Amino acid sequence: MKLHSGWIAGVLLLSIIFACDLSNKNGNNSNNSNNSNSSNKNKNENTSSAPTTNRPADADVYVDRIYMAKDNDGEPGDETSSYEPADHKVHCLIDLNKAKKGTQIKFVWKAVDVEGEKNKEIKTTEYTTNSFENKVHGHLQLPYDWPKGTYRVEVSINGNLDKTIDYTIR
């Protein structure tokens, strides 16, 4: 009887190890799938808005999804990749792969190709996550109409550039 329960325990342990390994591999595949789905969706709207990934290969916490949104009374509204000059507040949202307290997020807002400006940093905002927080929202607001052109948000996680996303003001 003891021999059988030992075998059963060993088989269960191996099953758990293999299941964890397979779920980790599948999780990586679905992250890549989600990223390419997001990229394809954004490419259909505007090819310059497709997110670009730059994270280190060994990153513990990283941006799983990044997108821009219209303003809805101070809160993020509908997802978009382009704004009107009178849309004074723009939102950038990120979904992290996991919630980890103390994750340092940095949003760097840039004017990439704007009337009279090229690759100019507009503003940098930083945030540190709390427990159970895997969605982070940054926004930038101008008190006047935006100049038309292409803009970019660069998101760094724990000091490493992770993803960038472009948007336009038309």
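Everything here concerns the structure above.
Anyway, here's the lowdown on the structure attached to this text. Residue numbers run consecutively from 1 along every chain, following the written order of its sequence. Only residues with pLDDT of at least 70 are given local features in this predicted model, and only at 80 or more are side-chain atom pairs given and counted; all residues enter the totals for whole chains, interfaces and linings. With hydrogens and water excluded, all non-hydrogen atoms of the structure serve as input to the side-chain values.

### A look at the pattern of salt bridges
Here a salt bridge means any side-chain nitrogen of Lys or Arg lying within 4 Å of a carboxyl oxygen belonging to Asp or Glu. On inspection of all chains with the given rule, the structure shows nine salt bridges. Here the salt bridges do not stand alone but share partners, grouping Asp60, Lys98 and Lys100 into one network.

### Comments concerning the environment of Val136
The helix and strand labels rest on DSSP assignments: H or I over at least four residues marks a helix, E over at least two residues marks a strand, and numbering proceeds from the N terminus. Structurally, Val136 can be placed in strand E8 (residues 135–141). Working definition: with a 1.4 Å probe on protein chains only, accessible area under 20% of the residue-type maximum means buried, over 50% means exposed, and in between means partly exposed. The exposure class assigned to Val136 is buried, which follows from its relative accessible area of 4%. Along the backbone, Val136 and Cys92 are 44 residues apart, and their C-alpha atoms lie at a distance of 8.5 Å. Here, residues are in contact when the closest pair of their heavy atoms is within 4.5 Å. Not counting chain neighbours up to four residues away, the residues in contact with Val136 comprise Cys92, Leu93, Ile94, Leu96, Ile105, Phe107, Tyr127 and Thr129.

### Some points on the sheet that holds E8
Two strands form a pair only when DSSP identifies at least two bridges running between them. Strand order in this open sheet of four strands is E3-E2-E5-E8, and the pairing throughout is antiparallel. The strands lining the two open edges of the sheet, one partner per strand, are strand E3 (75–80) and E8. Strand-to-strand twist in this sheet, taken as the mean axis angle between neighbours without regard to direction, amounts to 40°. Sheet topology note: the strand E5 (residues 89–96)/E8 ladder contains seven bridges and is antiparallel. Bridge pairing in E8 links His91 to His139. Geometry is summarised by axes, namely lines fitted to C-alpha atoms with helices restricted to the contacting stretch, and by angles between N-to-C directions that run from 0 to 180 degrees.

### With respect to the packing of aromatic side chains
Stacked, tilted and edge-to-face pairs are distinguished by plane angle, under 30 degrees for stacked and over 60 for edge-to-face with tilted covering the rest, among Phe, Tyr and Trp rings (Trp via its six-membered ring) whose centres lie within 6.5 Å. One pass over the full model with this rule turns up four aromatic pairs. Between Tyr83 and Tyr167 the ring centres are 5.5 Å apart and the planes differ by 80°, which places this aromatic pair in the edge-to-face class. Of this pair, Tyr83 sits in strand E4 (residues 82–83) while Tyr167 sits in strand E10 (residues 160–169); the two residues are 84 residues apart in sequence, bridging distant segments of the chain. Accessibility classification places Tyr83 together with Tyr167 in one group, the buried group. Both rings, one in Phe107 and one in Trp109, keep their centres 6.4 Å apart while their planes meet at 25°; by these two values the pair is stacked.

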